[in-house]
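One letter stands for each residue in the lines below.
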Amino acid sequence: MNSKKKNQYKILIADDSGTDVEILMAGIADEERHLTAAYSGKEVLKYIKKEIPDLILLDVMMPDMDGYQVCKLLKKDIRTMHIPIMFLTSLADTEDVTKGLELGAVDYIVKPYNLTVINAKIKNQLILQQGHKKSLALLKNFASSISDAAIIMNEKAEILELFGNYHIYFPEIPEQFVNINLLECLPKYLQKQFMIAIEAVINSEENFEFETEFIGANRFILQITMSIMDNSVHNKKIISAHVQDITERRLTERKVDLTYEYQKRSRFFNSVLTGGYSQEQQNQLLSVYGIENQKPLVCYVVSTSLLDETAYSPENIRASIGEWLIEKGYGWIWNSNFGIGILMQYPSSMGDVERIAGLLKESIEMRFPKIVIRIGVSTTRGMILNFKQLYYDALAGLMMAIDENRDVAILDYSQNGLYEVIVHTFEKMDIERFIDNALGKIIQHDCKNNSELLLTLEQLIFSNSIKSVAASLFIHPNTVLWRKQKIEEILESSIDDINVRTQINLALKLIHIRDFIKKDANFWNAKDL
């Protein structure tokens, strides 16, 4: 090992042959190079923990761990994957050379050594490595000047570098980000945006830009621009993501006061729904917004449930989504007690109605990460618009979507009665009283005795087979029978009675729907429909 001086290139020579190490160290010594020797694969890994070299000359044949194994480990680690590796070998076989290059090596040096050729190869690799470091430094300065944060990652979205205020916009990224996959740190639908962007820039090598919005204690509208860096590392593409906070610019650019417009529309549509107007009067009022009563319409009701209650300020999330939908021109938008209402002209087919609903859900969830969307859909029943009926049909569809855990539900009129009852119960805010009357004693028994009677009851209501209930709960059929008897004893009635089953079924559906929409503060805080 030679003594280390400032600004020297660090070169690690790994070979179990002391003689070969001495030949190389003498042959490539230079005042700009700091040379270190390792005599086994384990010594290489031990050295790497303390120091990151600019180049590794790595012998293929070593006793404890061969060069291929060492190379494979280094290329898996984000800290070391960028280090150029040149294999030292007496094997001139094409397959061995190919294997090393496929593992990520940049070159081969075949024994016996031609020192002139070796020095030329080393010089070229050090120039490339220096260029990579300079590019990274320039990128850091560039990122800090044009963006609020920047993320450098490889093709697999593994983080290489982070700059700027990334911790403000992406607090889920840990301080120790080495070997961390960016996608694993992001909410589901922001993951999807990044995956789409990464795939797009890799395939096209052109910039890809998208916007996303976070609403919490502070509101952020972020513009994220993905691009391929000019110098990739060892044939691996490196991607930069520049993050700019464009909140102020976007809000300033808006030509209308969207908050006022959204509030105005909400007051108008809700007054039409609750004002006791006749159908003819409703249609006259709706014509103010250009809604023609003789043209078929579609109504979507969008419920927003928070995946992370700390991510958004619940009182304004619906308003932000509504304003954004108005800005994007998604039909007639208003805020109702149950969700965001959207009226649109009926497209060419029912298939298009479903497709639009799916695109609507995807667009909202991609724009506003950490939100889960459920959508109820209805279409006009007859030739003349009945707005109130159309809206309540969509609400019933929404309850169906939540109950059946579907993204979108278009009302099935054969089930309309059940879900209309559910809508009516929620509208009157009788949910907890109804659930308590039907299942309160069972819930209390479970809490007090740590039993699973409610879970068993739910399975019994939806299945007439004791064996299938036992199989789904992984318990003995006799245990199911005992629980059934205990449930009937507590309820003081038989769950085989059709009226009892109907009441229990309704209560179970109310619990399921309540647990989804209870994260929508607008619903629970609303005083008017």
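What you see is a predicted model, and the numbers here were worked out from it, not measured in a lab.

Quick look at the overall build of the protein now. Each helix and strand in the protein was counted, giving 20 helices and 15 strands. Within the span of the protein, comprising 529 residues, buried residues form 50% of the whole. The contacts of the protein with a sequence gap of at least 6 include a subset with a gap of at least 24, amounting to 64%. A total of about 26,000 Å² of accessible surface is found on the protein, and carbon and sulfur atoms cover 50% of it.

The step from Lys111 to Pro112 runs through a cis peptide bond, and the omega angle for that step is -5 degrees. Tracing the backbone through its elements, the reader meets Pro112 in the loop between strand E5 (107-110) and helix H5 (115-146).

A few words on the nonpolar core. Core analysis: the largest hydrophobic core is formed by 58 residues, its most contacted members being Phe269, Leu343, Phe387, Tyr391 and Ile504. Per-element accounting of this core gives the leading share, 12 residues, to helix H13 (residues 387-403). Residues within four places of Phe269 in sequence aside, it is in contact with Leu286, Ile291, Trp332, Ile333, Trp334, Leu343 and Phe387. Membership of the second largest hydrophobic core comes to 29 residues, among which are Ala157, Ile173, Phe214 and Leu222.

Let's shift gears to helix H10 (residues 279-286). Within H10, burial applies to Gln282, Asn283 and Leu286. Buried residues in H10, looked at end-on, bunch into an arc of 95 degrees, giving them a common side. Of the exposed residues in H10, those oriented more than 90 degrees away from the buried face are Glu280 and Gln284. Buried residues along H10 sit in contact with helix H9 (258-274) and H13.

Between its first and last C-alpha, H13 extends 24 Å over 17 residues, near the 24 Å set by a 1.5 Å rise per residue. With 15 of 17 residues buried, H13 is to be regarded as a mostly interior element. A positive phi of about 55 degrees marks Asn405, the residue just after H13.

So, on to the side chain of Thr247. Tracing the backbone shows Thr247 in helix H8 (residues 247-253). A residue is classified by how much of its surface remains accessible, and Thr247, at 10% relative accessible area, is buried. Here Asp245 takes part through its side chain, which lies 2.6 Å from a polar atom of the side chain of Thr247. Aside from chain neighbours lying at most four places away, what touches Thr247 is Arg219, Phe220 and Ile221.

For the rest of this paragraph, the subject is the packing of aromatic side chains. Counted under the stated rule, the structure contains 14 aromatic pairs. Look at Trp334 and Tyr391: their rings are 5.9 Å apart centre to centre, the planes differ by 50 degrees, and that puts the pair in the tilted class. Taken as a pair, Trp334 in strand E12 (residues 332-335) and Tyr391 in helix H13 lie far apart in primary sequence, 57 residues in all. As far as the burial class goes, Trp334 and Tyr391 line up, both buried. An aromatic cluster is defined as three or more aromatic residues linked by ring pairs; in this entry it consists of Phe268, Phe269, Trp334, Phe387, Tyr391 and Tyr392.

A sheet is described by the order of its strands in space; here five strands give the open sequence E12-E13-E11-E14-E15, paired in mixed fashion. Since the sheet does not close on itself, it has two edges, and those belong to E12 and strand E15 (408-410), each with one partner. Put simply, the sheet's adjacent strands are angled 20 degrees from each other on average, direction ignored. Bridge count between E12 and strand E13 (residues 340-345): four bridges; the pairing is antiparallel. Within E13, the residue paired with Trp332 across the bridge is Leu343. In this fold H9 packs onto E12 and E13, with an angle of close to 80 degrees to the strand it touches most, E12. The strands touched by helix H12 (residues 350-367) are strand E11 (297-306), E13, strand E14 (371-379) and E15; relative to E14, the strand with the most contacts, the crossing angle is about 160 degrees.

On to the environment of Ile198, then. As for its placement among the helices and strands, Ile198 is situated in helix H7 (residues 188-204). For Ile198 and Asn154, which are 44 residues apart along the polypeptide, the C-alpha to C-alpha distance reads 9.4 Å. Setting aside residues up to four positions removed in sequence, Ile198 forms contacts with Met153, Glu155, Ala157, Met226 and Ile239.

Moving on: the confidence of the model for the protein. Of all residues in the protein, 85% attain a pLDDT of 70 or more, and the chain-wide mean is 82. Looking across the protein, the model is least confident in helix H20 (residues 521-525), with a mean pLDDT of 46, and most confident in strand E3 (residues 55-59), with 92.

Time to look at the packing of helix H17 (residues 466-473) against helix H18 (residues 477-491). It is the contact of H17 with H18, at a shortest axis distance of 8 Å, that shows an interaxial angle of 105 degrees. Overall, the two elements H17 and H18 adopt an arrangement that is roughly perpendicular. In this structure, H17 contributes Ile466, Val469, Ala470 and Leu473 to the contact, and H18 contributes Pro477, Val480, Leu481, Arg483 and Lys484. For the contact of H17 with H18, the residue count by class is seven nonpolar, no polar and two charged.

Turning our eyes to something else, we now look at the pattern of salt bridges. Counted according to the given criterion, the structure contains 21 salt bridges. Salt-bridge contacts for Asp15 lead to Lys111; the nearest nitrogen and oxygen are separated by 3.2 Å. One end of the pair, Asp15, is in the loop between strand E1 (9-14) and helix H1 (18-28); the other, Lys111, is in the loop between E5 and H5, with 96 residues separating them in the sequence. Of the residues examined, Asp15 reaches a relative accessible area of 1% and is grouped as buried. Ionic contacts of the salt-bridge type, sharing partners, join the residues Asp15, Asp20, Asp59 and Lys111 into one network.

Rules used in this analysis
Residue positions are given per chain, counted from 1 along the sequence in the order it is written. Per-residue local features are limited, in this predicted model, to residues with pLDDT of at least 70; the limit for side-chain atom pairs, both in listing and counting, is 80 or more; totals at the level of whole chains, interfaces and linings are taken over all residues. Side-chain numbers come from the whole structure's heavy atoms, not from hydrogens or water. In this description a helix means any DSSP run of H or I spanning at least four residues, a strand means any run of E spanning at least two, and both kinds are numbered starting from the N terminus. The buried label goes to any residue with under 20% of its type's maximum accessible area, the exposed label to any with over 50%, and the partly exposed label to all in between, with areas taken from a 1.4 Å probe on protein chains only. Any two residues whose heavy atoms approach within 4.5 Å at even a single point are treated as in contact. For the area figures, the Shrake-Rupley method with a 1.4 Å probe applies, and any residue is considered shielded solely by the protein chains shown. We define a nonpolar core as any set of buried Ala, Val, Leu, Ile, Met, Phe, Trp, Tyr and Cys residues linked to one another through side-chain atoms lying within 4.5 Å. The arc in question is traced by the directions running from the helix axis to the C-beta atoms. Expected span of a helix, by definition, is 1.5 Å for each gap between consecutive residues, and there is one gap fewer than residues. Counting of polar contacts relies on pairs of N or O atoms within 3.5 Å, with two restrictions inside protein: one atom must be capable of donating a hydrogen and the other of accepting it, and residues adjacent in sequence are counted only when both atoms are side-chain atoms. Any two of the Phe, Tyr and Trp rings considered here, Trp counted by its six-membered ring, make a pair once their centres fall within 6.5 Å; the pair's planes then place it as stacked at under 30 degrees, edge-to-face at over 60, or tilted in between. Strands are treated as partners if at least two bridges between them are detected by DSSP. Fitting a line to C-alpha atoms yields each axis, with helices limited to the stretch in contact; the angle taken between N-to-C directions then spans 0 to 180 degrees. Note on scores: pLDDT gives the predictor's confidence for each residue, bounded by 0 and 100. Throughout, the term roughly parallel applies to angles under 35 degrees, roughly antiparallel to angles over 145, roughly perpendicular to angles from 65 to 115, and oblique to all others. Gly falls in the polar group here, along with every residue not listed as nonpolar (Ala, Val, Leu, Ile, Met, Phe, Trp, Tyr, Cys, Pro) or charged (Asp, Glu, Lys, Arg). Here, a salt bridge means any side-chain nitrogen of Lys or Arg that lies within 4 Å of a carboxyl oxygen of Asp or Glu.

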